[in-house]
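The residues making up each chain are set out below.
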Amino acid sequence: MADTLAPGCDEVQFRFRNDEQVSDPAVTVDAFLGQTNAAAVRVEPGDDVRLLLDHLERVRLVEVNFPSFGDGRGYSSARLLREAGYDGELRAVGDVLVDQLSHMRRCGFDSFAPDRPMDPADAQAAFGRWPHVYQEAADATQPIWTLRHERDGNG
Amino acid sequence: MKILTGNDLKTGAVVWWDGQTWSLHVDHAVDVGDEAEPILGREEAARRVNASYAIDAERDAQGKVRPAHIKDRIRALGPTVRPDLTLKPADPEAGNWVI
Amino acid sequence: MYRYDQYDQAMVETRVAEFRDQTRRRLEGKLSEDQFKPLRLQNGLYLQLHAYMLRVAVPYGTLSSAQMHMLADIADKYDRGYGHFTTRQNIQYNWIRLEDAPDILADLAKVEMHAIQTSGNCIRNISSDQFAGASAGELVDPRPYAELLRQWSSFHPEFLALPRKFKIAVIASETDRAAMRLHDIGIRIVENPSADGAGEIGAAFYVGGGMGRTPMIGPLIRDFVPLDQLITYAEACLRVYNRYGRRDNKFKARIKILVHELGAEEYKRQVEGEFVHLLEQGVEPPIAELERIKAFFADPPFDPDAGDELDLSDPDFKLWVERNTHPHKQKGYISATISLKPVGGIPGDASAEQMHLMADLAREHSFDECRVTHAQNIVLPHVKKDELYGLWQKLEEAGLGTANLDQVGDIIACPGLDYCSLANARSIPLAQKISQRFAENGKGDALGELKLKISGCINACGHHHAGHIGILGVDRKGTENYQLLLGGSEAEDTSLGKITGPGFDEDGVVDAVETTADVYLRERKDGERFLDTYRRIGMEPFKEALYG
């Protein structure tokens, strides 16, 4: 099984970063852990993303694969990386659809490479859909309860 | 015989392939033989039907089309417990056809 | 009850706009049915046996009269003049058109209602005790916690593509009126059991209950979570499920399978690990938010001088009071259950006219509030005893006065093959026949409490595993067949029913239920309910009577 993936098989259609797009081919988690020079890794739904936590300083791109849009493990993987302090590029790849975009953003994804390009107008509407959110997630949006109350120390 | 059924995309109504279009009435259903897949593929792609599939049916002694499975007979007529909401509210025998 | 602020209102309105856009894209062909299906499901819209079916959320079963009026209006305007109240305290409409669905959601939003996440692989409606805020037996009203969980779970970005559906129930009393142990997460609000935490209120978490193909009673995972960590703990439970719940087999994808396969101890260990991590992430709303929500659930302005006597000289009224009312914590008040199970009727169905009447009665007699129960009835929680007789007369006139709560005629039945494409057998005609049989044979009254539940398929939406008598419809070589189960309980003495033996056809199972009842009547000792007698004498005497 190849441990690198063909570059360019998923075109990045949306990106919310100002730095240069990482073009390194992403290796599997196993391969990444076994070598010291890879800076891009692809996480599959069954991978434990916490295995990467000790190595985050050398990761510049994490691709999280959604082989099927209904498999939501990638949302947890993304959030866990952001919670661990990962601030590199976090890219959703695979069966990424318009109606998942806002949720993916909230889980910390900042670039999107769907295997089928989406209508940019539909995508833009989706990204901008929700002015408010109910809960804390990996993005910077303040949950509604902060608008209702002053943020307290929250033990 | 093999007949085709599904739901209208916009209204959800149960429909039956009558050879040209999708009818509300199971008695209009035609035997599609081996042609189910290409017909369904074409009709779904054009969004003229939704959630469609092929089922077995037979013509009874009166020439009426009777789906093999009770579920599709209930789909064809309506809920047995609300005759007033079925396609044949005035027919007291309609429920017997289902069972 | 909870009232939306500008943010809540904005959320439901945004959801309507989103769904309107998704529907447009489906009708234009930009979305395939496979892509659209999970989106419409998360707005409660199924493609069902006869048409689209819409499941509207009734959060923890609580409705204002304005909301009940709107549910009636929707039945008239968009459906066929009636609705069906479900075993999760929601309401369903069976004849919906996709092209109308966005407008229906827009109408619901006008009265602070929605159909958000009432289906799909996400967190569903949070259910609760139908006597919450009225019953004397509760520690606190559980509904503020249910509302906190509702907001947390709505559009939670990490948990919208779970392995399977996720159902949460919240109670706050020893008595379990919400089948709490049979939920994916069951929460009981409790006092801190440890010696040095006396008086502190928190939550006990039971995780991994459920019915369906493999019914399981949820084990206790954590006996006390402080209130200011409730959401964090729930999040930890969900995250472990999202990451490790099975996705290879739809019938093994609920959290009960994960908890069962890992073992409760290992599942708990993983949750506790995630919990420690999440405590550092600041996901918990401040206590001020819980306090803000609680304020909406303060007691209504009870009349402290309300008379506490009831004139029970009318024997029909007396029977209804004995069966269909529940003691209230406030002197002079009582909770009343409106039966949606008239003899020979369709369990849980109400016409638009009946819904309008119940809404008016809620406004006039119950501080504008009513409840949907998971047994598919409606409760008026806060009725003045002085007004109870007049209320009952109005119910009687409208066919809503059947005095059968928790009796054999108070049948829980799923819609079954008459309405549901998942079903193997019809359940409603069976419920009608059983209810008629026991009205005719006169044994209904003698039987006392007997909870009979019917499911038309193994998905168990009728909760048949939890019936004192349960019936499961199966497909036996193309014909409808029915298995009989005995000894289930959804209450705090939770148990799962056992199959008696070979199945019966429809008339056969009606006879079998009567035979079963006869065994009970013959064998019972003083004060025993059917369930008690069954638990004492076991299955054998019933088996012998049924199969000879």
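Everything numeric in this text was worked out from a predicted model, so none of it was measured. (Residues numbered from 1 in each chain as written. Chains lettered and ligands numbered in written order. Predicted model: local features only at pLDDT ≥ 70, side-chain atom pairs only at ≥ 80, totals over all residues.)

Some remarks on the overall build of chain B
Here's step 1: Within chain B one finds three helices and five strands.
Here's step 2: Its helices and strands taken in sequence order, chain B reads β-β-β-α-β-β-α-α from the N to the C terminus.
Here's step 3: Computed over C-alpha atoms, the radius of gyration of chain B comes to 13 Å, within 12% of the 13 Å expected from 2.2 N^0.38 for 99 residues, which places it in the range of a compact globule.
Here's step 4: With the principal axes as the frame, chain B shows a C-alpha extent of 40 × 30 × 20 Å. (Helix = DSSP H or I, 4+ residues; strand = E, 2+ residues; numbered from the N terminus. Rg over C-alpha atoms; globule rule 2.2 N^0.38 Å.)

Examining the overall build of chain C
Here's step 1: For chain C, the count of helices and strands is 17 helices and 20 strands.
Here's step 2: Against the compact-globule benchmark of 24 Å for 548 residues, chain C has a radius of gyration of 23 Å, which places it among compact chains.
Here's step 3: Within chain C, counting contacts between residues at least 6 apart in sequence, those at least 24 apart form 68% of the total. (Contact = placed C-beta atoms within 7 Å.)

Examining the interface of chain A and chain C
Here's step 1: Between chain A and chain C, the residue contacts involve 32 residues of the former and 37 residues of the latter.
Here's step 2: Those elements giving two or more residues to the side of chain A that touches chain C turn out to be α2 (73-83), α3 (101-106), α4 (120-127) and α5 (144-148) of chain A.
Here's step 3: Sort the elements by how many residues they give to the side of chain A that touches chain C and α2 of chain A lands first, with five residues.
Here's step 4: Considering only residue class, the side of chain A that touches chain C consists of eleven nonpolar, nine polar and twelve charged. (Nonpolar A, V, L, I, M, F, W, Y, C, P; charged D, E, K, R; others polar.)

With respect to the domain arrangement of chain C
Residues and elements named next belong to chain C.
Here's step 1: If you check the domain split of chain C, you get domain 1 (1-116 + 333-405), domain 2 (135-300) and domain 3 (412-547).
Here's step 2: Distance from the C-alpha centre of domain 1 to the C-alpha centre of domain 2: 25 Å.
Here's step 3: Each partner contributes residues to the interface: domain 1 has twelve residues there, and domain 2 has twelve residues.
Here's step 4: Across the side of domain 1 that touches domain 2, the residue classes tally to seven nonpolar, three polar and two charged. (Domains from an automatic or database assignment.)

A look at the interface of chain C and chain B
Here's step 1: Facing the 21 residues of chain C at the interface are 20 residues of chain B.
Here's step 2: Along the lines of polarity and charge, the residues of the side of chain C that touches chain B split into twelve nonpolar, three polar and six charged.

Details of the pairing of strand β2 (residues 52-56) of chain C
All names here are of chain C.
Here's step 1: Within β2, five of the five residues are buried, which leaves it mostly tucked inside the rest of the structure.
Here's step 2: Alternating positions in β2 separate into two faces, Y52, L54 and V56 on one and M53 and R55 on the other, with burial throughout.
Here's step 3: Looking at chain direction, strand β1 (residues 45-47) and β2 are connected through three bridges and run antiparallel. In the strand pairing of β2, Y46 is matched with M53. (Buried ≥ 20, exposed ≤ 12 C-beta atoms within 10 Å, placed from the backbone. Pairing = 2+ DSSP bridges.)

What to know about the packing of helix α5 (residues 143-153) of chain C against helix α9 (residues 287-295) of chain C
Residues and elements named next belong to chain C.
Here's step 1: Interhelical geometry of α5 versus α9 gives an angle of 125 degrees and a closest axis separation of 9 Å. The pairing of α5 with α9 is recorded here as oblique in orientation. Between α5 and α9 lies a crossing of right-handed hand. In this structure, α5 uses P144, E147 and L148 to contact α9, whose residues at the interface are L290, I293 and K294.
Here's step 2: Across the contact of α5 with α9, the residue classes tally to four nonpolar, no polar and two charged. (Axes fitted to C-alpha atoms, helices over the stretch in contact; angles between N-to-C directions. Parallel < 35°, antiparallel > 145°, perpendicular 65-115°, else oblique. Left-handed = near helix turned anticlockwise from the far one by under 90°.)

Points about the sheet that holds strand β5 (residues 89-94) of chain A
Residue and element names in this part refer to chain A.
Here's step 1: Taking strand neighbours across the sheet as the criterion, the six strands line up as β1-β6-β5-β4-β3-β2 in an open arrangement whose pairing is mixed. Two strands in the sheet have a free side with no partner beyond their single neighbour: β1 (14-15) and β2 (27-28).
Here's step 2: Where β2 meets strand β3 (residues 40-43), two bridges bridge the pair, whose relative direction is parallel. Pairing of V27 across the sheet is with V41, part of β3.
Here's step 3: On the sheet, α2 packs against β3, β4 (61-66) and β5 and is oriented at approximately 160 degrees with respect to β4.

Side note on the arrangement of the chains
Here's step 1: The assembly contains two pairs of chains in contact; the pair sharing the most contacts is chains A and C.
Here's step 2: Regarding chain A and chain B, the two do not touch, and the least distance separating their C-alpha atoms is 18 Å.

Here's the deal with the nonpolar core
Here's step 1: Counting residues in each nonpolar core, the largest one holds 159 residues, and the members touching the most others are V41 of chain A together with F205 and C237 of chain C.
Here's step 2: If one sorts the elements of this core by residue count, helix α6 (residues 230-244) of chain C sits on top with nine residues.
Here's step 3: Apart from residues no more than four positions distant in its own chain, F205 of chain C is found in contact with I185, I187, I221, R222, V225, Y233 and C237 of chain C. (Core = buried A, V, L, I, M, F, W, Y, C linked by C-beta atoms within 7 Å.)

Some words on the confidence of the model for chain C
Here's step 1: On average, residues of chain C carry a pLDDT of 97, and 100% of them reach 70 or more.
Here's step 2: This complex was scored by the predictor with a pTM of 0.96 and an ipTM of 0.97. (pLDDT = per-residue confidence, 0-100.)

Re the environment of R97 of chain C
Here's step 1: Positionally, R97 of chain C belongs in the loop between β5 (91-96) and α4 (101-110).
Here's step 2: Judged by the 18 C-beta atoms lying within 10 Å of it, R97 of chain C falls in the partly exposed class.
Here's step 3: A sequence separation of 414 residues divides R97 of chain C from D511 of chain C, and the C-alpha atoms of the two residues are 40 Å apart.
Here's step 4: Every residue in contact with R97 of chain C, bar those within four places of it in the chain, is listed here: K10, T11 and G12 of chain B together with Y52 of chain C.

Looking at the sheet that holds strand β2 (residues 14-17) of chain B
Residues and elements named next belong to chain B.
Here's step 1: Strand order in the open sheet formed by five strands is β3-β2-β1-β4-β5, with antiparallel pairing between adjacent strands. Edge positions in the sheet fall to β3 (22-23) and β5 (65-67), since each has one partner strand and no second.
Here's step 2: Bridge count for strand β4 (residues 50-59) against β5 is three bridges, and the pairing is antiparallel. The residue bridging A57 from the neighbouring strand is P67, located in β5.
Here's step 3: In the packing of helix α2 (residues 70-77) onto the sheet, contacts are made with β1 (2-7), β2, β4 and β5, and the angle to β5 comes to roughly 130 degrees.

A word on unusual backbone geometry
Here's step 1: Backbone geometry at R47 of chain B places phi at a positive 60 degrees, although glycine is not the residue there.
Here's step 2: Residue position: R47 of chain B is located in the loop between α1 (36-45) and β4.
Here's step 3: On the basis of neighbour counts, which here come to 16 C-beta atoms within 10 Å, the residue R47 of chain B falls in the partly exposed class.
Here's step 4: Positive phi outside glycine occurs at H463 of chain C, with the angle close to 60 degrees.

Regarding the packing of α6 of chain C against helix α8 (residues 264-279) of chain C
Residues and elements named next belong to chain C.
Here's step 1: In the contact formed by α6 and α8, the axes pass within 8 Å of each other and the chain directions differ by 125 degrees. When the interaxial angle is binned, α6 and α8 end up oblique. Classified by chirality, the crossing of α8 by α6 is right-handed. Each of T232, Y233, E235, A236, C237, R239 and V240 in α6 lies in contact with α8, whose residues at this interface are Y267, Q270, V271, E274, F275, L278 and L279.

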